[in-house]
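Coordinate inspection notes
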Amino acid sequence: MDVYDVSLIPLIIGLVEVVKQIGLPKKYSALVALVFGIALGILYIAPGDTLKGILLGTAMGLGASGLYSTTKNTVEAIKK
């Protein structure tokens, strides 16, 4: 994974937000982030190596959901 592929994590967060605006329940956000991450991993990062794409995509999807959760919790803590 190239260092520039990390920029896909904010893209995944944005895609999940779009899906939530369409009507996805919030409790499925992490699962959707994981699916987007795996899809991008297979299709963009490692198109010739499915297992590598799944591994890197899983890392990106989980990273995206963790980054979102951490940011949300921090903002809520600051508001209090």
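For the structure itself, look to the data block above.
The sections below set out a description of the structure shown in this document. (Residues numbered from 1 in each chain as written. Predicted model: local features only at pLDDT ≥ 70, side-chain atom pairs only at ≥ 80, totals over all residues. Heavy atoms only, no water.)

This part covers the pattern of salt bridges. The full count for this structure, using the stated rule, is one salt bridge. For K20, the salt bridge identified is with E17, shortest N-O distance 3.0 Å. A residue pair is termed a helical-turn pair when its members lie 3 or 4 positions apart in one helix, as K20 and E17 do in helix α1 (residues 8–22) at three residues. You can call K20 buried: its relative accessible area is 14%. (Salt bridge = Lys/Arg side-chain N within 4 Å of Asp/Glu carboxyl O. Helix = DSSP H or I, 4+ residues; strand = E, 2+ residues; numbered from the N terminus. Buried < 20%, exposed > 50% of the residue type's maximum accessible area, 1.4 Å probe, protein only.)

As a further point, take the packing of α1 against helix α2 (residues 29–45). Packing of α1 against α2 brings their axes to within 9 Å, and their N-to-C directions diverge by 130 degrees. Taken together, the axes of α1 and α2 are oblique relative to one another. By crossing handedness, the relation of α1 to α2 is classed as right-handed. Residues L8, L11, I12, L15, V16, V19 and K20 of α1 form the contact with α2, whose own contacting residues are S29, V32, A33, F36, G37, L40, Y44 and I45. Of the residues in the contact of α1 with α2, the class split is 12 nonpolar, two polar and one charged. (Axes fitted to C-alpha atoms, helices over the stretch in contact; angles between N-to-C directions. Parallel < 35°, antiparallel > 145°, perpendicular 65-115°, else oblique. Left-handed = near helix turned anticlockwise from the far one by under 90°. Contact = heavy atoms within 4.5 Å. Nonpolar A, V, L, I, M, F, W, Y, C, P; charged D, E, K, R; others polar.)

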